[in-house]
Every structure is written in C-alpha cells, then in structure tokens.
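# Secondary and tertiary structure notes
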Amino acid sequence: MTKLTIIQALNLALKQEMERDATVMVLGEDVGTNGGVFRATEGLYQQFGAERVVDTPLAESAIVGTSIGLAIMGMKPVAEIQFDGFTYSGLDQLISHAGRIRFRSQGKHHVPMVVRFPYSGGIRALEHHSESPETYFIHTPGIKVVVPANPYDTKGLLTAAIRDPDPVIFMEPKRIYRAFREEVPETEYTVPIGKANVVKEGTDLTIISFGSMLKFTKDIIEKENMKHSIELIDLRTLSPIDKDTITKSVKKTGRCIIVQEAPRSCGIAAEITAILMGNVFLSLEAPVVRVTGFDTPYPPFKAEKYYLPTTEKILAAIESVMSY
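Here's a quick rundown of the structure. (Residues numbered from 1 in each chain as written. Predicted model: local features only at pLDDT ≥ 70, side-chain atom pairs only at ≥ 80, totals over all residues. Heavy atoms only, no water.)

### Considering the nonpolar core
Heads up, the condition is: Take the buried residues of types Ala, Val, Leu, Ile, Met, Phe, Trp, Tyr and Cys, join any two whose side-chain atoms come within 4.5 Å, and each joined set is a nonpolar core. Each residue's exposure class comes from its accessible area (1.4 Å probe, protein chains only) as a fraction of the maximum for that residue type: buried when under 20%, exposed when over 50%, partly exposed otherwise. Only runs of H or I of at least four residues qualify as helices and only runs of E of at least two qualify as strands under DSSP, and these elements are numbered from the N terminus. Residues are treated as being in contact if the distance between any of their heavy atoms lies within 4.5 Å.
The biggest cluster of nonpolar side chains holds 41 residues, and the ones touching the most others in it are I169, L235 and I272. At the level of secondary structure, the elements contributing two or more residues to this core comprise α3 (60-72), α4 (91-98), β5 (114-119), β7 (168-173), α9 (243-253), β13 (256-259) and α10 (268-279). Broken down by element, this core gets its largest block of residues, five residues, from α10. With residues near it in sequence (within four places) discarded, I272 still touches I208, L235, I241, I246 and I258. Counting 32 residues, the second largest nonpolar core, distinct from the first, contains F38, A40, Y177 and V191.

### Focus: the state of the cysteines
Keep this limit in mind: Whenever a pair of cysteine sulfur atoms sits within 2.5 Å, that pair is classed as a disulfide.
Enumeration according to the criterion identifies zero disulfides in this entry. Its sulfur unpaired, C256 is 18 Å from the next cysteine sulfur, which belongs to C266. The exposure class of C266 is exposed, given its relative accessible area of 65%.

### Things to note about unusual backbone geometry
Between S239 and P240 the backbone carries a cis peptide bond, its omega angle lying at 5 degrees. Along the polypeptide, P240 turns up in the loop between β12 (237-239) and α9. Even without being a glycine, R124 presents a positive backbone phi close to 60 degrees. Summarising the element assignment, R124 is placed in the loop between β5 and α6 (134-138). Residue R124 is classed as exposed on the basis of its relative accessible area of 53%. For H128, which is not glycine, the phi dihedral falls at a positive 70 degrees. Within the element layout of this structure, H128 appears in the loop between β5 and α6.

Fair warning: the whole summary comes from geometry, so function is off the table for now.
Right, here's the structure in full:
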C-alpha cells in the first residue's frame, strides 16, 4: 500500500495497464512529452514511446474519431480531452458512432475505448474549464459513464474501464485531483463498473452524490456534528446506475437528497428521483430534494461560489427534508 492522490492513482493505473496489455495506448493534447495538462500521463511517453503515447493536434473530434477506429481494429485507446467543456467537439463521434457500433454491427464489433477528462468547477478557471456535461453521455445508449471520488476508486475504476469491451466516459473531479491522499494497492485490481458504494451507513436520511461533490458532502456531514443518522452513497457509475443500492437505502431511511454540480433540469438527480418514485414511493417520509447548479451556463469564476452547491444549501436541504 502507498498513499496516492487521484492524479497519482490515474497515472499508476495507466502505467500498469500499458505494461500488462500492449494494445493499450494513450492519445491526446500534450499527453506525451509534457505529461498532460494536469500531469496524469507523466512519464508514460518516456517508458512506452511515441507510438503508444501520442501527442495529437488540437482537434477533439479527431482524437475521439481516431480512437474509435483504433478500438475497432484491436487497440484499446485511452483518449484524454484536456477539459470538460472541450468534449462537445467530440459529441458527434461519441453519439453517432462509438455508442452505436456494437448495435449497428449486431455485436460483431466492439469499441473498447476510454475517454477521460477533468470535470467540475471550484478552481476559478476560464469558460469551458469548469463544466459538468455528464447528462449528454448518460443519455447516449451504448456508452458507460464513470466518475470516481477518491484515489482508491480512481485506480480500480480506470483499470475496469480500460478492460471493458465498450466505450467508457471517465470523468475526473479536478477540484480534488490533489486535495487528499489515501492508501492505494500497488498491485492490479478493479472496482466494478455499475456498482455504487455506501460510504457511510445511516438510518434517517440518504444523501446521494458523486465526484468532487461527494467529498464536499462527506466533509459537511463530518464537520457539522449532525444530529441525524445520514447514509451517504457514492454513485461511482452514472450509467449504468446502481438502482438496487439506491432503492434499498431510501426504502430504509425514507428520505433522500441528491447533490450534483450540473444544471438542475434533466440531470442525474432528476433520474434518481424518478427511479425512487417508481420503486419506493410508499416508503418516502418526505419529497426527494435536489441540490444542484442552476439552469445557466457555468458563470465566470467570480460568481462560481453562488452557482455551486454550498454548505448552506446542503444543510438547508437536510433541515427541510428532516422537518417535513
């Protein structure tokens, strides 16, 4: 065991998978000699060379499209998109092709590729550098969407994503890239895609979150000396979502809050609310509450503290649900 940050866990997962499987390769802007904008690919170019760690032009559609072709022909590309807001240029390739090829070929062809990118706000960045575009990918059949919230899960989930036969969107919470360390096994392991994690057990209220908001919410629960027994669930995978863990928890507690950074309308919080309405309606003691961003573009950094879920908003949601 060694204590790693999320960035270090990413790097170790990539290194070990590239050592284990010669078909695994990395491509993206500045991933080679520079080691990536956040240094997630640092050292890989020197170890594996230019044919397996490829610096690409500034063309996200080409990065994703090339990855699809490589995957169909037997490689396992891991494409890095530098920031969340830059993924939109690759949506056509992902939606029209990556997510459809297995269906289109009636199972003859798979697309074992990963598209990884930093997402979320709270770092005082420029426009297109602080977004939560998960809904676009969740709504696309044939694509899996994974969001780790800690170093251990980061390594295990990325390893599982690389080994998966289908395309996986791997969203990395850049706000906590280097915020903390935790023990991570140096040996290979996987964390299953599609399985949520009960971070903390409780009996009065279920709070569901993921990514950087998971840690933020967990810190609030620990610091505020809650008088309520709160169960905290880390989704880990947004598609396919773990309905069983969610419904089992809320059936037990009778109350639920969902925390996400993305805009409110049509987000994962809305989908979870619909799941709960269809499965545990008679067990609910209060309406499901969502704590989210606003239905606006992500604001300039001077206003981001008003946009993001805050301690005050989460505490108000807890009080509202518990006093209903």
